[in-house]
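# Architecture at a glance
This is what each chain is made of:
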Amino acid sequence: MTDDEELRDDFISILTRGSKNNTYKFALARFLLEHSQKRDLAYIENKKKNNENEVVSFQDIANKFLKYYWHQECKYRIRQNYNDEKPPSVIVVIREVFGEGYLPNFEGIKPEQIKRAQEKIREKVFGIGYKSQVVPRFQKLKGQPDMHPFYDYDIPNGNLEIKPEALEFFHLNNKVLMKAVFLEWSKFLEKINTLPRLIAKVQSEAVKRKSLVAYRKIFRDQKDCFYCHRTLDEQLTHVDHFIPWAYIFENEPWNLVLACQQCNLTKSDSLPNLEFRDDLIKRNSDHQDEIKELENSLLRLNAENKWEPEIIHHYDNCEDYGFKVVPLP
């Protein structure tokens, strides 16, 4: 077996067989892969030639952990372990620093808040002094001798030292290994969460949402705001995700309604009152036969056309995950 094959087997074993009660191993694996892409092959070859490890501080890893987990917690409400009453330390820190409300944009956060969260994650997740859990545990497998195939570490100085052959392995096999990380991360989360589109949400620190203007044509016969029933002004008509996009993570006509600017901005990424759920179900039922795009969308929701329980489930589940209900109009 070649060195490359051994490293591959070790990496996949860590992802699939390593003990885990939260998702830190996947986050650290993602960091290692992303960091390797910052280095070109000439740089890596020089490291190999000199048998020199790539030194990375725990603080740098903590900074990335904040970005990985911030959007999963603040935008998508993804649970990261089995005990929702005792979330992982990274989630505790994010809630302490940023609060528990919906936050759509990491770039809009105050720099001092970000720095405080990064420092707290460094302390709580990676330890201080001689204590650390995440870094030593990553390379441990039950029933296997202690191995260090990818890195050594200096806990007192807070450094992870990536071996040059591992740095090369991560760089050359980056795409396939990253897919494995996201797949295993999402498989672990699927045991805990009932959210849609988990893989896409885990992967996406920032997602550029597509324009919804084209969907106005689908519901062009709707003349009044879905929520307040005031006559719509063509220039101020918004296409709204009835169940928030941050939860549903797709633009499906069954979940889109036309709303006035005031109602849309008031609702934002929240749920409307429960009675509007029944209005949405009625709207879809009344118009699915005459609007082809709506019919196809409902069939994607449930191929047997038994979509009403699916909408009820998504609404209830979205609320259960902490999305606010905003009274409208």
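What you see is a predicted model; the values in this text were computed from it and never measured.

Basis of the calculations
Just so you know, the residues in each chain are numbered from 1, in the order the chain's sequence is written. With pLDDT at 70 or above as the cut-off, local features in this predicted model cover only qualifying residues; side-chain atom pairs require 80 or more to be listed or tallied, and sums for whole chains, interfaces and linings still use all residues. Hydrogens and water molecules were not included; the side-chain quantities draw on all heavy atoms of the structure. Helix and strand labels come from DSSP, where a helix needs a run of H or I of at least four residues and a strand needs a run of E of at least two; each type is numbered from the N terminus. Here the expected length of a helix is defined as 1.5 Å per residue gap, with one fewer gap than residues. Per-residue accessibility, obtained with a 1.4 Å probe over protein chains only, is compared with the maximum for each type, and a residue is labelled buried under 20%, exposed over 50%, and partly exposed between these values. One speaks of a salt bridge when a side-chain nitrogen belonging to Lys or Arg is within 4 Å of a carboxyl oxygen belonging to Asp or Glu. The rule for pairing is simple: two strands pair if DSSP sees at least two bridges between them. Think of each axis as a best-fit line through the C-alpha atoms, taken over the contacting stretch in the case of a helix, with angles from 0 to 180 degrees between the N-to-C directions. By the convention used here, residues are in contact when the closest approach between their heavy atoms is within 4.5 Å.

## Notes on helix α4 (residues 58–74)
- Between its terminal C-alpha atoms α4 stretches 23 Å, which fits the 24 Å expected from 17 residues at 1.5 Å a residue.
- The element α4 is largely enclosed, with a buried count of 12 among its 17 residues.
- All buried positions along α4 are accounted for by F58, I61, A62, F65, L66, Y68, Y69, W70, H71, Q72, E73 and C74.

## Focus on the pattern of salt bridges
- Going through the model one piece at a time under the given rule, you end up with 18 salt bridges.
- One salt bridge in this structure joins E52 and K47, with 3.2 Å as the shortest N-O distance.
- One connected set of salt bridges, linked through shared partners, spans R39, K47, E52 and E54.

## Concerning the sheet that holds strand β3 (residues 159–162)
- Pairing within the open sheet is antiparallel, and its 3 strands lie in the order β1-β3-β2. Looking at which strands have only one partner, the edges of the open sheet turn out to be β1 (54–57) and β2 (151–154). When strand polarity is set aside, the average angle formed by the axes of neighbouring strands in this sheet is 25°.
- Taken together, the 4 bridges between β1 and β3 define a ladder with antiparallel strand orientation. Bridge assignment links S57 to a residue of β3, and that residue is N159.
- Seen against the sheet, helix α2 (residues 24–36) touches β1, β2 and β3 and runs at an angle of roughly 60° to β3.

## Comments concerning unusual backbone geometry
- Residue P329 is reached from L328 by a cis peptide bond, and omega for that bond is -5°.
- As for its placement among the helices and strands, P329 is situated in the segment after β7 (325–326).
- Of note in this structure, R77 is not a glycine but carries a positive phi near 60°.
- Inspection of the secondary structure assignment puts R77 in the loop between α4 and α5 (89–98).
- A residue is classified by how much of its surface remains accessible, and R77, at 9% relative accessible area, is buried.

## What about the environment of P136?
- With respect to the helices, strands and loops of the structure, P136 is situated in helix α7 (residues 134–138).
- Considering only alpha carbons, one finds P136 and E293, 157 residues apart in sequence, at a separation of 52 Å.
- In this structure P136 touches Y153 and I155, once residues within four positions along its chain are discounted.

Coordinates in, geometry out; function isn't part of it.
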